[in-house]
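Structural overview
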Amino acid sequence: KAGVTQTPRYLIKTRGQQVTLSCSPISGHRSVSWYQQTPGQGLQFLFEYFSETQRNKGNFPGRFSGRQFSNSRSEMNVSTLELGDSALYLCASSLSLAGETQYFGPGTRLLVL
Amino acid sequence: AQSVAQPEDQVNVAEGNPLTVKCTYSVSGNPYLFWYVQYPNRGLQFLLKYITGDNLVKGSYGFEAEFNKSQTSFHLKKPSALVSDSALYFCAVRVPGTYKYIFGTGTRLKVLA
């Protein structure tokens, strides 16, 4: 089975712009979660989608949003980028059963200048 | 507040020696516990998980973890470290009754030849 894929892998944007990141989960996985990883804050949960519905949300401002499509692919969008949004954004998929393991993609590294 | 603590930012161990990476958690109920490893410029890879049953869980690459309910700990162990084990290790907890994961801040393991 192919793993979780994320596109693009690297991105450079300037402050004030917006960005859209994409995640394709493992085939058959219906849950997709997004995380932000920075050296200072570690791994922070952004949100989780299941069957096109947001099921959980972390403590991030409204500039961060996401969605999930009927094929379970997910996108996250960050509007009005700030320097502090520079991070590695990780996507993880799971079957969404209780106790199920999350499988992570390689991440998208975003640099905001 | 619910949390996961990895008290050591870095652990150094000589190749061939046993290693331990510590994790404690503060979550009500019976959480599911996970260990992940991250190599440079990669996403997180699943190592092992505890849901219920035997307190000693065996995982990938010779790693194991011991669940201790009274101490609310889930330390990662390996009897004989390899240089290739050098990486960033994350402990994670799935909050009971939710699909939300909380990650520790990570411990960098350095195995010295």
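Residues numbered from 1 in each chain as written. Chains lettered and ligands numbered in written order. Predicted model: local features only at pLDDT ≥ 70, side-chain atom pairs only at ≥ 80, totals over all residues. Heavy atoms only, no water.

What about the pattern of salt bridges?
Test applied: Only one rule defines a salt bridge in this text: a Lys or Arg side-chain nitrogen within 4 Å of an Asp or Glu carboxyl oxygen. Each residue's exposure class comes from its accessible area (1.4 Å probe, protein chains only) as a fraction of the maximum for that residue type: buried when under 20%, exposed when over 50%, partly exposed otherwise. A run of DSSP states H or I qualifies as a helix once it reaches four residues; a run of E qualifies as a strand once it reaches two. Both are numbered from the N-terminal end.
Tallied over the entire structure, the rule returns eight salt bridges over all chains. The salt bridge partner of R67 of chain A is E75 of chain A, with a shortest N-O separation of 3.3 Å. Residue E75 of chain A is classed as buried on the basis of its relative accessible area, which comes to 16%. The closest approach of N and O atoms between K77 of chain B and E66 of chain B, which form a salt bridge, is 3.3 Å. With K77 of chain B in strand β9 (residues 73-78) and E66 of chain B in strand β8 (residues 64-68), this residue pair connects regions lying eleven residues apart in the sequence. Given the relative accessible area of 38%, E66 of chain B is considered partly exposed.

Here's the deal with the sheet that holds strand β1 (residues 5-7) of chain A
Backbone-to-backbone hydrogen bonds join strands into a sheet, with any given pair of strands oriented parallel or antiparallel. Residue and element names in this part refer to chain A. Counted only if it meets this: DSSP-based pairing: two strands are paired if at least 2 bridges between them are found. In this analysis an axis means a line fitted to C-alpha atoms, helices contributing only their contacting stretch, and an angle means the value between N-to-C directions, from 0 to 180 degrees.
If you walk across this open sheet you meet the four strands as β1-β3-β8-β7, and the pairing is antiparallel. With one partner strand each, in any of the chains shown, β1 and β7 (64-68) form the two edges of the open sheet. Ignoring strand direction, the axes of neighbouring strands in this sheet form an average angle of 20°. As defined by bridge partners, β1 adjoins strand β3 (residues 19-24) across three bridges and the pair is classed as antiparallel. Each residue of the ladder has a partner; that of T5, found in β3, is S24.

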